[in-house]
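# Coordinate analysis (summary)
Listed here are the chains, written in short residue letters.
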Amino acid sequence: MAQTLSDSVTHRRLFLAGAGLLAATAFAPRSWAQAGADLRLPGGPSTRPLTDAFPGKRGMILQRTRPPLLETPMSVFDQGVFTPNDQFFVRWHWANVPTEIDATTFKLNVRGRVGRPLSLSLADILAMPRVQMAAVNQCSGNSRGLFQPRVPGAQWAHGAMGNAKWLGVSLRRVLDLAGVQPGAVAVRFNGLDQPVVDGAPDFSKSLSIDHARDGEVMIAFAMNGAQLPLLNGFPIRLIVPGWFSTYWVKMLSDIEVLGAPDDSYWMAKAYKIPDTPLANVAPGAKDFPTVPINRMVPRSWITSLADGTSVAYQPHLPVGGIAMGGDAGVARVDLSSDGGRSWAPARLGPDEGKYSFRRFDGMVAVAGRGPVALMARCTNTAGVSQALTPNWNPGGFMRACVETTHVVLS
Ligand SMILES: Nc1nc2c(c(=O)[nH]1)N[C@H]1C(S)=C(S)[C@@H](COP(=O)(O)O)O[C@H]1N2
Ligand SMILES: [Mo]
């Protein structure tokens, strides 16, 4: 028996208490455009409409309707290090996303090289010991629209990312319950979404067996204290802390322990990056060795001032934003108001865990009225700092350089 969106709200408390009775939602686009969002991508598009038309979402930058690709406006990241569920970005590969899920009959299957195949209900999962972790979910192609020369793919600005407190169960615990057998080398994850045309590859991703059992990878049933929005993978999704979100399989329904490396399309062909530092190659390069995209790297964004705006001149300008350390914590953030020639440390906000966004704030000295180029640079606890020059690859993956916020002081 499927339930409606309002039922899901009613049952939220029950759900979090472990009663395991919950939701399904249906989506049908409602109204379209509102005000535009200014994206400032080189060569355009400069603006895109904001939309409220998707269930559980509001004020999102509309990239694509089918499948839904919704980007978070930068202003949201200035309001806190946790991204609200209703403004959390959305990305699907195939348009065949279930619009309704019956939470009472939903099953997560665990099979393959295991001693005891499992078919877990949501009630089973909710009854297991829980883990919680803050972690940034960032699309491999976040900021792709800033690549120069431009590359094909979704032209995201910086909003194909979000940070949440994820609540769920440890993947290791689920695998232990199934009993991984000797000879297991990888674990493949698949969700309920289906390709739209026959023969197209169903979206699935895999992790090495050691990674899958590292105790950090989790199966989440809640984010930021509420059940997952349908479009973010209701009822459960994989969380792979420190790794790009292509691995964070949504509407997770099938876990298969493999005895050989996964050679399916989404691992062997798609999401491959040059096997070079920061996946960087010269524009136009073709024959380079590749590896599946994997760990994230440090990034930071000034969010207190929007690129291209004017502000009143003051000799010491307050500048704030968010940073992430990638696969390690944020150790420091430095600020520059002279295009990167000199740097001064920013003050860091509360530490929400090494995989979380971290707030930074500081004052930068500015010489006088006129244009100023503001920069933030994150260094993580492994000692890795953001580069000043952009990395480039034909997939538009893993942009990592120091970003510049141009403002005019008047
Ligand atoms: N089932 C399923 N899971 C998926 C995908 C998908 O197409 N199907 N896309 C992946 C990619 S590439 C991204 S960027 C994230 C997006 O997560 P979000 O929509 O919750 O922000 O989901 C990942 N998990
Ligand atoms: Mo992605």
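## Considering the overall build of the chain
Scanning the chain from N- to C-terminus turns up seven helices and 26 strands. Computed over its C-alpha atoms, the radius of gyration of the chain comes to 21 Å, within 12% of the 22 Å expected for a compact globule of 410 residues. Seen through its principal axes, the chain has C-alpha atoms that stretch 70 × 50 × 40 Å. Looking at the chain as a whole, 55% of its 410 residues are labelled buried. Nonlocal contacts in the chain, meaning residues at least 24 apart in sequence, comprise 69% of its contacts between residues at least 6 apart. Roughly 16,600 Å² of accessible area belongs to the chain as shown, and the carbon and sulfur atoms make up 53% of that amount. Taken as two groups, the 39 positive and 30 negative side-chain charges of the chain have centres that lie 2 Å from each other.

## Examining the site of ligand 1
Around ligand 1 sit 19 residues, and of these F89, H93, D193, R237 and K250 come closest. One nitrogen or oxygen atom from the side chain of N232 is found 2.9 Å from an oxygen atom belonging to ligand 1. Within the backbone of W248, one N or O atom sits 3.1 Å away from a nitrogen atom of ligand 1. Burial of ligand 1 by the protein amounts to 100% of the accessible area it has alone, namely 530 Å². By residue class, the composition of the shell around ligand 1 is 10 nonpolar, five polar and four charged.

## Re the pairing of strand β21 (residues 330–336)
With five of seven residues buried, β21 lies mostly within the body of the structure. Across six bridges, the pairing between β21 and strand β25 (residues 370–380) is antiparallel. Paired with D334 across the strands is R377, a residue of β25.

## Structural notes on the domain arrangement of the chain
Segmenting the chain into domains produces domain 1 (1–270) and domain 2 (299–409). The C-alpha-based centres of domain 1 and domain 2 are spaced at 28 Å. Contacts between domain 1 and domain 2 engage 32 residues on the former and 27 residues on the latter. Our count for the domain 1 to domain 2 interface comes out at one salt bridge. The salt bridge involving R359 is made with D78; its shortest N-O contact spans 2.9 Å. At the boundary of domain 1 and domain 2, one finds 13 residue pairs in polar contact (both at pLDDT 80 or more). Counting only elements with at least two residues in the side of domain 1 that touches domain 2, the list comes to α3 (74–77), β8 (131–138) and β9 (161–170). Among the elements that line the side of domain 1 that touches domain 2, the one with the most residues is β8, at five residues. By residue class, the composition of the side of domain 1 that touches domain 2 is 16 nonpolar, 11 polar and five charged.

## Focus: the environment of S253
Residue position: S253 is located in strand β15 (residues 252–258). The spatial distance from the C-alpha of S253 to the C-alpha of G191 is 5.0 Å, given a sequence separation of 62 residues.

## Focus: the sheet that holds β15
With respect to topology, five strands assemble into an open sheet ordered β7-β6-β15-β10-β11, the strand pairing being mixed. Two strands close off the open sheet at either side, each with one partner strand: β7 (118–121) and β11 (204–208). Pairwise comparison of adjacent strand axes, ignoring direction, gives a mean angle of 15° for this sheet. Seen against the sheet, helix α5 (residues 171–178) touches β6 (107–112), β7, β10 (186–191) and β15 and runs at an angle of roughly 135° to β7.

## What about the nonpolar core?
The biggest cluster of nonpolar side chains holds 90 residues, and the ones touching the most others in it are W166, I219 and I255. Among the elements that line this core, the one with the most residues is strand β12 (residues 218–223), at six residues. Looking at this core, you find at least three residues from each of domain 1 (1–270) and domain 2 (299–409). Beyond its immediate sequence surroundings of up to four residues, I255 is in contact with L108, N109, V110, R111, L171, L175, V187, R188, F189 and I219. With 19 residues, the next largest nonpolar core counts L305, V311, L317 and V372 among its residues.

## Examining unusual backbone geometry
Between R66 and the following residue, P67, the backbone shows a cis peptide bond with an omega angle of -10°. Mapped onto the elements, P67 comes out in the loop between β3 (60–64) and β4 (69–71). In this structure, P235 follows F234 across a cis peptide bond, with omega equal to 5°. Here P235 lies in the loop between β13 (226–227) and β14 (237–239). Positive phi outside glycine occurs at M251, with the angle close to 45°. Considering the arrangement of structural elements, one finds M251 in the loop between β14 and β15. Notably, M398 is not glycine yet its phi reads approximately 65°, a positive angle. Here M398 shows up in the loop between β25 and β26 (404–409).

## Some points on the sheet that holds strand β23 (residues 347–348)
What the four strands build is an open sheet, ordered β18-β20-β24-β23; its pairing is antiparallel. In this open sheet, the two edge strands, each paired with only one partner strand, are β18 (299–302) and β23. Pairing geometry for strand β20 (residues 316–324) and strand β24 (residues 358–365), over eight bridges, is antiparallel. If you follow G320 over to β24, its bridge partner there is D361.

The rules behind these values
Residues numbered from 1 in each chain as written. Chains lettered and ligands numbered in written order. Predicted model: local features only at pLDDT ≥ 70, side-chain atom pairs only at ≥ 80, totals over all residues. Heavy atoms only, no water. Helix = DSSP H or I, 4+ residues; strand = E, 2+ residues; numbered from the N terminus. Rg over C-alpha atoms; globule rule 2.2 N^0.38 Å. Buried < 20%, exposed > 50% of the residue type's maximum accessible area, 1.4 Å probe, protein only. Contact = heavy atoms within 4.5 Å. Areas by Shrake-Rupley, 256 points an atom, 1.4 Å probe, with all protein chains shown as cover. Lys, Arg positive; Asp, Glu negative; His and termini not counted. Charge placed at Lys NZ, Arg CZ, Asp CG, Glu CD. Near = heavy atom within 4 Å. Polar contact = N/O pair within 3.5 Å; in protein donor to acceptor, adjacent residues only side chain to side chain. Nonpolar A, V, L, I, M, F, W, Y, C, P; charged D, E, K, R; others polar. Pairing = 2+ DSSP bridges. Domains from an automatic or database assignment. Salt bridge = Lys/Arg side-chain N within 4 Å of Asp/Glu carboxyl O. Axes fitted to C-alpha atoms, helices over the stretch in contact; angles between N-to-C directions. Core = buried A, V, L, I, M, F, W, Y, C linked by side-chain atoms within 4.5 Å.

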